[in-house]
Structures are given as C-alpha cells and as structure tokens.
Amino acid sequence: MQGLDLEYMLGLVPVILGYVPLTLAMAAAGMAGALVLAVLLAVERVVRVPVLDWLVVLFISFFRGTPLLVQLFLFYYGLPQVVSFLTRIDGVTAAVLGLTLHFAAYMAESIRAAILGVDRSQWEAAQSIGMTQAQLMMRIILPQAARVAAPTLVNYFIDMLNGTSLAFTLGVTEMMGAAQKEAAGSFLYFEAFLVVAVIYWIMVETLSQAQKWLETYLNKAFVR
Amino acid sequence: MISIRGLTKRFGDKAVLDNIDLDIASGERVVIIGPSGTGKSTLLRCLNFLDRPDAGQISIGDLTVDAARARKGEILALRRRTGFVFQNYALFANKTAKENIMEALVTVQRLPREDAAKRALAILSETGLADKADSYPAALSGGQQQRVGIGRAMALDARLMLFDEPTSALDPEWVGEVLDLMRRVAEQKQTMLIVTHEMQFAREIADRVLFMEGGRIVEAGTPAEIFEAPRDARLQRFLSRVGR
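Here we summarise the structure given alongside this text. A quick note: this is a predicted structure, and the numbers were derived from the prediction, not measured.

Basis of the calculations
Residues numbered from 1 in each chain as written. Chains lettered and ligands numbered in written order. Predicted model: local features only at pLDDT ≥ 70, side-chain atom pairs only at ≥ 80, totals over all residues. Helix = DSSP H or I, 4+ residues; strand = E, 2+ residues; numbered from the N terminus. Rg over C-alpha atoms; globule rule 2.2 N^0.38 Å. Contact = placed C-beta atoms within 7 Å. Nonpolar A, V, L, I, M, F, W, Y, C, P; charged D, E, K, R; others polar. Expected span 1.5 Å × (residues − 1). Buried ≥ 20, exposed ≤ 12 C-beta atoms within 10 Å, placed from the backbone. Pairing = 2+ DSSP bridges. Axes fitted to C-alpha atoms, helices over the stretch in contact; angles between N-to-C directions. Parallel < 35°, antiparallel > 145°, perpendicular 65-115°, else oblique. Left-handed = near helix turned anticlockwise from the far one by under 90°.

A word on the overall build of chain B
Here's step 1: Within chain B, the regular secondary structure consists of nine helices and ten strands.
Here's step 2: In terms of overall size, chain B behaves like a compact globule, its C-alpha atoms giving a radius of gyration of 18 Å where 244 residues would be expected to give roughly 18 Å.
Here's step 3: When its C-alpha atoms are laid out on the principal axes, chain B stretches across 55 × 45 × 30 Å.
Here's step 4: Within chain B, contacts between residues at least 6 apart in sequence are counted, and of these 63% link residues at least 24 apart.

This is how it looks when you write it as structure tokens:
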C-alpha cells in the first residue's frame, strides 16, 4: 500500500469547498420544504380530514416505503417520459424535490407523535379561553411538540445533508460529482473521496453543535 | 343572567348529567358539592363545551346555545364568555406567567401586544405574582400556578367563571393562597360557579349551595340551609362523611 498523497488532498480541499454552498443550499431548501410539508401532514394525521386523511396515509406510506435513490430516479428520469412539462426540470430541482417529499414523510410521523405527546390539558386550556383550532395548534401545541421532535428532526436534517450527495446520480456536479471528476483525472480515488468524507463530517459536526444550542433554547420553559 | 335548561350528557348509556336546570343571577356565587363521579365536573365542562353536552340549552346574557346543534362559532362565543379554572392548573407550559394571561387578550380579544402586556401585569399584581411575570410554569409552585390559572381566566372578563376543584391538586400549604384569591375575585361581583371539596370555604363564599348526586341537583339552598338543615338523606350522609 502506498502512502496518502497529502499534497494532492490539500490542493483538492478548496476545489471541493467551492461546492459546499450548493450542498448547503440543497439541504436548506429541502429541509425548509420538508418541515413545512411534514407539519401539514402531521396536523392532518392528528385532525383527520375525511378523504384527505386517506391520501396523506398513502403519501407517507409510499415515501417511507421506497428508497430515496429509487424516488429520485423515478422523478428525474422516469416522470418526464410520461408527464411532458417535467422535461425541463433540472437535476438540482429534482434532487431538492425528492429530498423534500422523502424526508417530509419521515418527519411527519415524528411530528405527529410529538403532537400526540403534548398533554391533553394544554388542548383544553387553549379551548377554554376561546382559541380557534388553528390558533391552538400554532401557538400552544406545535411549539411544545417542536421541543419533543427537535432531536429527531435534526437527525433527519443530517441525513438529508448527506443525502444531497445522491444529486450526483442526477448529473449534478456537487461535492461528490466534483471529486469524481477530479479523481478521474488523477486516479487518486481514495484521496479524493476521503476529502469529501471529511468535509461532510465537519459540516455534520457543526450541525450537532447547533443542535445542542437549539435544544437548550427549546427547553428554556421547562427548566425548574 | 345565566340560564341552563335540560342539560344532559351521556357517556355510553349512563347519564352523567340528567336534565339539569339551573339559573344563576349576575354576581351570584354558586358552589356545587357532592360525592366524586356525580357529574359536578362534567356540568362545568359541558358549560364550556370541553365535554359536548348531548342535549339542553345554555344561555349567557343574550347568547343562547342549543347543545344538540351548536355550531363552531357559537361554541367559541360561549367559551369567550366563560372563564375556566382547571384542577391541574393547565397553564400553557411554553409560555411565561405573563404570556399565559396575555394569550386570550392577544389571540381572542385582539388587543395590541403592549396593551395586553399591561393588562396582564395588572392582573398578575392582583394575584400577588407581579414578580413572577417572566417565570415559566415549571418554575412556579402549585399554588402560584393555580393563581396564574385564575388570572388567565380573569383576563377573559367572563360573564361566568367556572372553578373545577381548583384546590384539589394542591399541597395543603398552597390551598390558602388560592382560596384567598378566589375571595378577592368574588369581591369584584364576579359570577362564579365553583366545584369544591372545601366545605368551610363553600359555606363562607357561597350565595347558594347545590348538592349533586347521580347527575342531578338533589338539593339547593343557602349555606345555612344546606349545612345546618340538610333535608335529603343522601346530603345528610355526604355531610357526615366529609365532616362538614
């Protein structure tokens, strides 16, 4: 076994770092979309609107029941063949859309559990002062559910951040794609992918620190 | 003026409230006593639609709600005219003492935030908790939480305040301060309907005492009539058990 080509790796770092903004943007857009959608899905699952409930169950079942990679291929390569206006969809958009739908399904279930975990007395107290169902949800129940759901949601965010690397399979040149191209010229595959791995790792570790801060913030009302 | 006609609530085939008729004059303080599981709390909860009554009418001022076909808007209107104090306080856990009281003012009465905050602080002073304005419920004692709970109900400026065993979940050391606050609320001519096991307090604060059993009001009268000269045998038995 040969030693690592450290000089090559150091030279590659700024190249790969150049693609970090794209990765972060895809993850942030995916997370924002997934959060909004997941909250809507979770609230629907708790309130149970007739007919709609059936569709939501089907949605969650499909997007949890099939692999992310299969979903991405289905959207990007498959759907445009049957739905013509989708032919212009680019890889980044397709990846963000896929990540959004996929993670929304998972996150909806953990938000639903968190909503159901809020004490019944909180619902009754909100009703007793004459709040509407929407006010009760937005101001009392969801903020308390957020505290319970936060650790799992950050976990999904980490998963999604790493999942953006799959955009590579849709022809997007992101961190992984850039490393692949570089390595194809130098044949130093191990070095190139190691650089990518370390950069992902550092990003996730930073997120984990943010998670501690977030949890402290959400817990502030519950410290005795 | 509050008027309740034929209020009925069934759980399965058991009538927990059996055709209740009750009138409460404005400013009147009515205390409900009786054994556990006889519908006292259910009566209060039905008046606020926390439990949905199966039949009957509830009138508060010019608002009349027919239980059998009450619509959302009517239920909200009814709730906004009735304050509810819970046995387990049920303060909003994600909000400070001040925010708990502000909540109805901001979301329901649509007051500007500054005005709501001012009013909330005034109410907190009345409850003797001005220095706890920014404390979260988790940091308050049971007695303090219940006083905030009463403050939250006071903020509604309700025609009727409902107290569902407000001291039953409290350690004995906190009961006194909560009853004191209820006395102060009573002094403001607030119409109150109180379910309690504090017989001494009932005797002292009530204009009228109702004895409930089996989902019915079995006997009603002044504290003197109920406590000194009970007629119904079930009331006599109940009073001897609780030692008046």
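Description of the interface of chain B and chain A
Here's step 1: Residue-level contacts link 21 residues of chain B with 19 residues of chain A.
Here's step 2: Among the elements that take part in the side of chain B that touches chain A, helix H3 (residues 97-108) of chain B stands out by supplying four residues, more than any other.
Here's step 3: A per-class count over the side of chain B that touches chain A returns 13 nonpolar, four polar and four charged.

Observations regarding helix H9 (residues 189-218) of chain A
Here's step 1: Compared with an ideal rise of 1.5 Å per residue, which puts 30 residues at 44 Å, H9 of chain A spans 43 Å between its outermost C-alpha atoms and is within 8% of the ideal.
Here's step 2: Those residues of H9 of chain A lying buried are Glu191, Ala192, Val195, Val196 and Tyr200 of chain A.

Notes on the sheet that holds strand S7 (residues 160-164) of chain B
Residue and element names in this part refer to chain B.
Here's step 1: Taken in spatial order, the six strands make up an open sheet running S6-S7-S8-S3-S9-S10, and their pairing is mixed. The sheet is open, and its two edges are formed by strand S6 (82-85) and strand S10 (216-221), each paired on a single side. If you compare each strand with its neighbour and ignore which way they point, the axes differ by 20° on average.
Here's step 2: Where strand S3 (residues 29-33) meets strand S8 (residues 192-195), four bridges bridge the pair, whose relative direction is parallel.

Thoughts on the sheet that holds strand S2 (residues 14-24) of chain B
Residues and elements named next belong to chain B.
Here's step 1: Across the sheet, four strands lie side by side as S2-S1-S4-S5; this open sheet has antiparallel pairing. For this open sheet the edge positions go to S2 and strand S5 (63-66), each flanked by a neighbour on one side alone. On average, adjacent strands in this sheet sit at an angle of 15° to one another, irrespective of strand direction.
Here's step 2: Pairing analysis gives four bridges linking strand S4 (residues 55-60) to S5, with the strands arranged antiparallel. The residue bridging glutamine 57 from the neighbouring strand is aspartate 66, located in S5.
Here's step 3: Of the strands in this sheet, strand S1 (2-11), S2 and S4 are in contact with helix H1 (residues 40-47), which crosses S2 at around 65°.
Here's step 4: Lying on the sheet, helix H2 (residues 72-80) is in contact with S4 and S5; it crosses S5 at an angle near 130°.

Topic: the pairing of strand S9 (residues 208-213) of chain B
All names here are of chain B.
Here's step 1: Where burial is concerned, most of S9 is hidden: five out of the six residues are buried.
Here's step 2: By the bridge criterion, four bridges tie S3 to S9 in an arrangement that is parallel. Looking across to S9, one finds that isoleucine 33 is bridged to phenylalanine 211.
Here's step 3: Pairing of S9 with S10 involves five bridges; the strand directions are antiparallel. Of the residues in S10, the one forming a bridge with phenylalanine 211 is glutamate 219.
Here's step 4: With antiparallel pairing between neighbouring strands as the criterion, S9 and S10 make up a hairpin whose turn holds two residues, including glycine 214 at a positive phi of roughly 60°.

Concerning the packing of helix H5 (residues 91-117) of chain A against helix H7 (residues 133-163) of chain A
Residues and elements named next belong to chain A.
Here's step 1: Two elements in contact, H5 and H7, have axes whose closest approach is 8 Å; the angle formed by their N-to-C orientations is 155°. The orientation of H5 with respect to H7, classified from their angle, is roughly antiparallel. Crossing of H5 against H7: the hand is right-handed. Only Ile141, Ala145, Val148, Ala149, Thr152, Leu153, Tyr156, Met160 and Gly163 of H7 make contact with H5, whose side of the interface consists of Leu99, Phe103, Tyr106, Met107, Ser110, Ile111, Ala114, Ile115 and Gly117.
Here's step 2: Across the contact of H5 with H7, the residue classes tally to 14 nonpolar, four polar and no charged.

Section: the environment of valine 218 of chain B
Residues and elements named next belong to chain B.
Here's step 1: Inspection of the secondary structure puts valine 218 in strand S10.
Here's step 2: Judged by the 17 C-beta atoms lying within 10 Å of it, valine 218 falls in the partly exposed class.
Here's step 3: In this structure, the C-alpha to C-alpha distance between valine 218 and arginine 231, residues 13 residues apart in sequence, is 10.0 Å.
Here's step 4: If we skip the residues at most four places from it in the chain, valine 218 touches Phe211, Met212, Glu213, Asp232, Arg234 and Leu235.

Notes on the environment of asparagine 19 of chain B
Residues and elements named next belong to chain B.
Here's step 1: Inspection of the secondary structure assignment puts asparagine 19 in strand S2.
Here's step 2: The spatial distance from the C-alpha of asparagine 19 to the C-alpha of glycine 6 is 4.1 Å, given a sequence separation of 13 residues.
Here's step 3: Those residues in contact with asparagine 19 that lie beyond four places of it in its chain are Gly6 and Thr8.

Here we look at unusual backbone geometry
For residues besides glycine, phi is generally negative; the peptide bonds are generally trans as well.
Here's step 1: Of note, the phi angle at phenylalanine 187 of chain A is positive, near 65°, even though the residue is not glycine.
Here's step 2: Within the secondary structure, phenylalanine 187 of chain A sits in the loop between helix H8 (175-186) and H9.
Here's step 3: Owing to 9 C-beta atoms within 10 Å, phenylalanine 187 of chain A belongs among the exposed residues under this scheme.
Here's step 4: Backbone geometry places lysine 189 of chain B, a non-glycine residue, at a positive phi of 65°.
Here's step 5: In this structure, lysine 189 of chain B sits in the loop between helix H6 (172-187) and S8.
Here's step 6: Overall, the presence of 11 C-beta atoms within 10 Å leaves lysine 189 of chain B in the exposed class.

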